[in-house]
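Single-letter residue listing:
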Amino acid sequence: MPADGLLILMEGDIERVLFDETAIHRRLDELAAQILEDYRQRELTVIAVLTGSLVFVADLLRRIPVPLKLDCLGVVSYHGKAQTSGEVIFKQVALPDVVGRDVLILDDIVDSGHTLAAIREKLESAKPHSIRVCVLLSKKKQRYRHVDADYVGFEIEDEFVVGYGLDFMERYRNLPYIGVLRKELLKPSRDLSRLSEAKHR
């Protein structure tokens, strides 16, 4: 199938668009201004949570003209399902070097709180000078673990969203907007054999 046909197929899986490119970029400008003000006189260490945050991180950091170091953490918490298992697995043995540094964690979404809480605890054990959290999306729901995000792009309802880096079964990451995935696509009975085994991260 031609590439444009595949794009139409993906877009047909979207129930509705929550935030288009213009809205996302406008909000990134605002977030960047906040972060720049807070870290103007300090060198920043950014920890990007893979893989869902990649698009968000790339677009946001280009808006923050301060000295910074960038590291990545690979974690798994969804294990190919629409709901988190609660088990957070770190993919690398060694943590980034954050001793005595000002750390900003960048993640795509805070949902149950399991992933960000586990990451924060891991990094705090390495004795950074400070840790703050920035998320593109925050779901308005009761969390299993409490997580304070210092910077939030958008608050959303408890719906399964994809696009702009967020995926379901490794699809939809390259959509330029954030949209709600049709609920019937999340049902276990659906034949997902053509999709790769992945997670919503």
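Quick note: structure is the one above.
Here the residue numbering is sequential within each chain, running from 1 through the sequence in written order. Per-residue local features are limited, in this predicted model, to residues with pLDDT of at least 70; the limit for side-chain atom pairs, both in listing and counting, is 80 or more; totals at the level of whole chains, interfaces and linings are taken over all residues. Side-chain metrics in this entry use all non-hydrogen atoms of the structure; hydrogen atoms and water are not considered.

Enquirer: Even after reading the chapter, I still don't get the overall build of the chain, so can you show me in this structure?
Expert: For the purposes of this entry, the term helix denotes a DSSP run of H or I that reaches at least four residues, the term strand denotes a run of E that reaches at least two, and both are numbered from the N terminus. Within the chain, the regular secondary structure consists of 4 helices and 9 strands. The buried share among the 201 residues of the chain stands at 51%. Per-residue and other accessible areas follow the Shrake-Rupley method at a 1.4 Å probe size, with only the shown protein chains counted as cover for residues. Element-wise, carbon and sulfur atoms account for 51% of the exposed surface of the chain, whose accessible area totals about 10,000 Å². Think of it in three bands: residues with accessible area under 20% of the maximum for their type are buried, residues over 50% are exposed, and the middle band is partly exposed, with areas taken using a 1.4 Å probe on protein chains only.

Enquirer: Can you help me understand the side chain of Arg 27 in this one?
Expert: By the secondary structure assignment, Arg 27 is in helix α2 (residues 21-39). Among the residues examined, Arg 27 registers a relative accessible area of 18% and is labelled buried. Counting of polar contacts relies on pairs of N or O atoms within 3.5 Å, with two restrictions inside protein: one atom must be capable of donating a hydrogen and the other of accepting it, and residues adjacent in sequence are counted only when both atoms are side-chain atoms. Only 2.9 Å separates the side chain of Arg 27 from the side chain of Glu 30, close enough to count as a polar contact. Contacts are assigned to residue pairs that have any heavy atoms within 4.5 Å of one another. With near-sequence residues (within four places) excluded, Arg 27 lies in contact with Gln 34, Val 152, Gly 153 and Phe 154.

Enquirer: Would you mind showing me how to read the packing of aromatic side chains here?
Expert: Aromatic ring pairs: the centre-centre distance and the angle between the two ring planes describe each pair. Here a Phe, Tyr or Trp ring, Trp counted by its six-membered ring, pairs with any other such ring whose centre lies within 6.5 Å, and the pair is stacked when the planes are under 30 degrees apart, edge-to-face when over 60, and tilted otherwise. Taken as a whole, this structure holds 2 aromatic pairs when the rule is applied. Summarising the aromatic geometry, the rings of Phe 19 and Phe 154 are spaced 3.9 Å apart at their centres and angled 20° between planes, so their arrangement reads as stacked. One end of the pair, Phe 19, is in strand β1 (residues 14-19); the other, Phe 154, is in strand β7 (residues 151-156), and 135 residues separate them in sequence. In this structure, Phe 19 and Phe 154 share a single accessibility class: buried. Here the aromatic rings of Phe 160 and Phe 168 are separated by 5.4 Å at their centres, their planes lie at 80°, and the arrangement is edge-to-face. The buried category is assigned to Phe 160, whose relative accessible area is 8%. By relative accessible area, which is 4% here, Phe 168 ends up buried. A ring is considered to have a charge above it if a Lys NZ or an Arg CZ atom is located within 6 Å of its centre and within 35 degrees of its normal. Here Arg 171 stacks its cationic end above the ring of Tyr 172, 5.2 Å away from the centre of that ring.

Enquirer: Can you help me understand the pairing of strand β3 (residues 68-76) in this one?
Expert: For a regular strand, side-chain orientation follows a simple rule: the groups alternate between the two sheet faces. Any two strands between which DSSP finds at least two bridges are classified as paired. Pairing of strand β2 (residues 44-50) with β3, which is carried by 7 bridges, proceeds in the parallel orientation. Residue pairing for β3: Ala 48 is matched across the bridge by Cys 72.

Enquirer: Would you mind showing me how to read the sheet that holds strand β8 (residues 161-162) here?
Expert: Paired through backbone hydrogen bonds, the strands of a sheet run either parallel or antiparallel to each other. If you trace the 3 strands from one edge of the open sheet to the other, you get β1-β9-β8, paired in antiparallel fashion. Each end of this open sheet is capped by a strand with a single partner; those strands are β1 and β8. Sheet analysis places β8 next to strand β9 (residues 178-181), joined by 2 bridges and oriented antiparallel. The partner of Val 161 across the bridge, within β9, is Val 180.

Enquirer: What exactly am I supposed to notice about the nonpolar core here?
Expert: Nonpolar side chains in soluble globular proteins generally cluster together in the buried interior. Core analysis: the biggest nonpolar cluster contains 32 residues, and Ile 35, Phe 56, Leu 60, Leu 106, Cys 134 and Leu 137 have the highest contact counts within it. Secondary-structure elements contributing two or more residues to this core are α2, β2, α3 (54-61), β5 (102-110), β6 (130-139), β7 and β9. Looking at which element gives the most residues to this core, the answer is α2, with 8 residues. When residues no more than four places from it in sequence are discounted, the contact partners of Leu 106 are Val 46, Ile 47, Ala 48, Val 49, Ser 53, Phe 56, Val 57, Leu 60, Leu 61 and Cys 134. In this description, a nonpolar core means a group of buried Ala, Val, Leu, Ile, Met, Phe, Trp, Tyr and Cys residues linked to one another through side-chain atoms lying within 4.5 Å. The next biggest cluster of nonpolar side chains, apart from the first, holds 17 residues, and it includes Leu 73, Val 75, Val 110 and Ile 119.

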